Amino acid sequence: MTRAEVEIDEQLVRALLRAQQPDLADRPLRLGAEGWDNQLWRLGDDLAVRLPWATEIADALLLNEYAWLPSLAAALPLPVPVPQRLGQPSALFPRPWIITTWVPGTPADHEPATRDTDAADALAGFLTALHRPAPAEAPAGRGRGGSLDDREEEFTSGLAEATELGLVPDADAVREAWKDAVAAPGWRGPRVWLHADLHPANVLTAGGTFCGVIDFGDLCAGDPACDLAAAWSLLPDGAAQRFLGTYRPSPDDATRRRARGWAAWRALGGILTGEAGRRGRRGGKVSWGPPAQAALRRLIATAR
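Here is a short report on the structure shown in this document. (Residues numbered from 1 in each chain as written. Predicted model: local features only at pLDDT ≥ 70, side-chain atom pairs only at ≥ 80, totals over all residues. Heavy atoms only, no water.)

**A short note on the sheet that holds strand β8 (residues 203-206)**
Taken together, the three strands give an open sheet; going across it, the order is β6-β8-β9, and neighbouring strands pair in antiparallel fashion. Either end of the sheet is taken by a strand with one partner, and the two such strands are β6 (106-107) and β9 (209-213). Here β6 pairs with β8 via two bridges, running antiparallel. Each bridged residue has a counterpart across the sheet, and for P107 the counterpart in β8 is L204. (Pairing = 2+ DSSP bridges. Helix = DSSP H or I, 4+ residues; strand = E, 2+ residues; numbered from the N terminus.)

**Topic: helix α2 (residues 58-73)**
Its 16 residues place the ends of α2 21 Å apart at the C-alpha level, agreeing with the 22 Å of an ideal helix rising 1.5 Å per residue. Within α2 the residues assigned to the buried category are A58, D59, L61, L62, N64, E65, W68, L69, L72 and A73. On its buried face, α2 is in contact with β2 (38-43), β3 (47-52), β4 (83-87), β5 (97-101), α3 (116-130) and β7 (192-194). (Expected span 1.5 Å × (residues − 1). Buried < 20%, exposed > 50% of the residue type's maximum accessible area, 1.4 Å probe, protein only. Contact = heavy atoms within 4.5 Å.)

**A few points about the pairing of β8**
Direction of pairing for β8 relative to β9: antiparallel, over a ladder of four bridges. Across the sheet, the residue bridging to T205 is F210, located in β9. Hairpin connection from β8 to β9: two residues lie between these consecutive antiparallel strands, with G207 at a positive phi of about 60°.

**A short note on the sheet that holds β5**
Spatially, the five strands line up as an open sheet ordered β1-β2-β3-β5-β4, and their pairing is antiparallel. Of all the strands in the sheet, the pair left with one neighbour each is β1 (29-34) and β4. For this sheet, the mean inter-axis angle between neighbouring strands, taken without regard to orientation, is 25°. Where β3 lies against β5, four bridges are found, and the strand directions are antiparallel. Along β5, the bridge assignment pairs L47 with T101. Of the strands in this sheet, β2, β3, β4 and β5 are in contact with α2, which crosses β4 at around 140°. (Axes fitted to C-alpha atoms, helices over the stretch in contact; angles between N-to-C directions.)

Here is the structure:
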């Protein structure tokens, strides 16, 4: 099922609530956002309804978040959308859906962090708290906590496409950053919990710093370098070193190199998604382009 096969509107969401969560059905309801995988409807002042609408994998991501995030949320220093209830597939809507707490703030692809020290400290504190050893049964996710070798084809094709479109100022520098990351020794520590999707649309800001982290569908266990890429993807210019010096345990040289590779991979995806939005293509998001371009510029400026 894709977004073309089901229309989600206020009438449908309220009907689902009446059928399965009647005590919440009369709360004020309004569309909050349309994400890559889900629609988000604000439910009263403190809750939200998330429904898969755009991708086949959205169901599994929602269920993954519902299963694992509640046990981690209390230890995290930034607000996160804690799952509260699970909606079952039905004749009204044949996919699972969840009710979570509402996290106020503006996505960083619309309002990036500007207070470098505060933002670096907030992000470092959040990831220090999240990156604790995960149990053996923790999900492996979609490989984002694994080896960069598995992303080689995506990176190569993404760089070629973005370069052909004139969207990469120095393709050789980006390629060298990737090669250096792939050549770095792999992670030898325990598998730790990862957000695994820390791009600007999934981090909220207020007053120039971070105030929340959302969309934990890719929550999994693996190499922390995947999340540490946020040093270049999310922070203002010059704040990466503050972040890397505050995060604990302090990342070694190999982990920093791998993190730069993940940042390059994510930046290319954001650049191409932004360009698709600029051209009016389905699935494109114009707001993803500028922060991805900024991330790539930071990587080039701080090349080894």
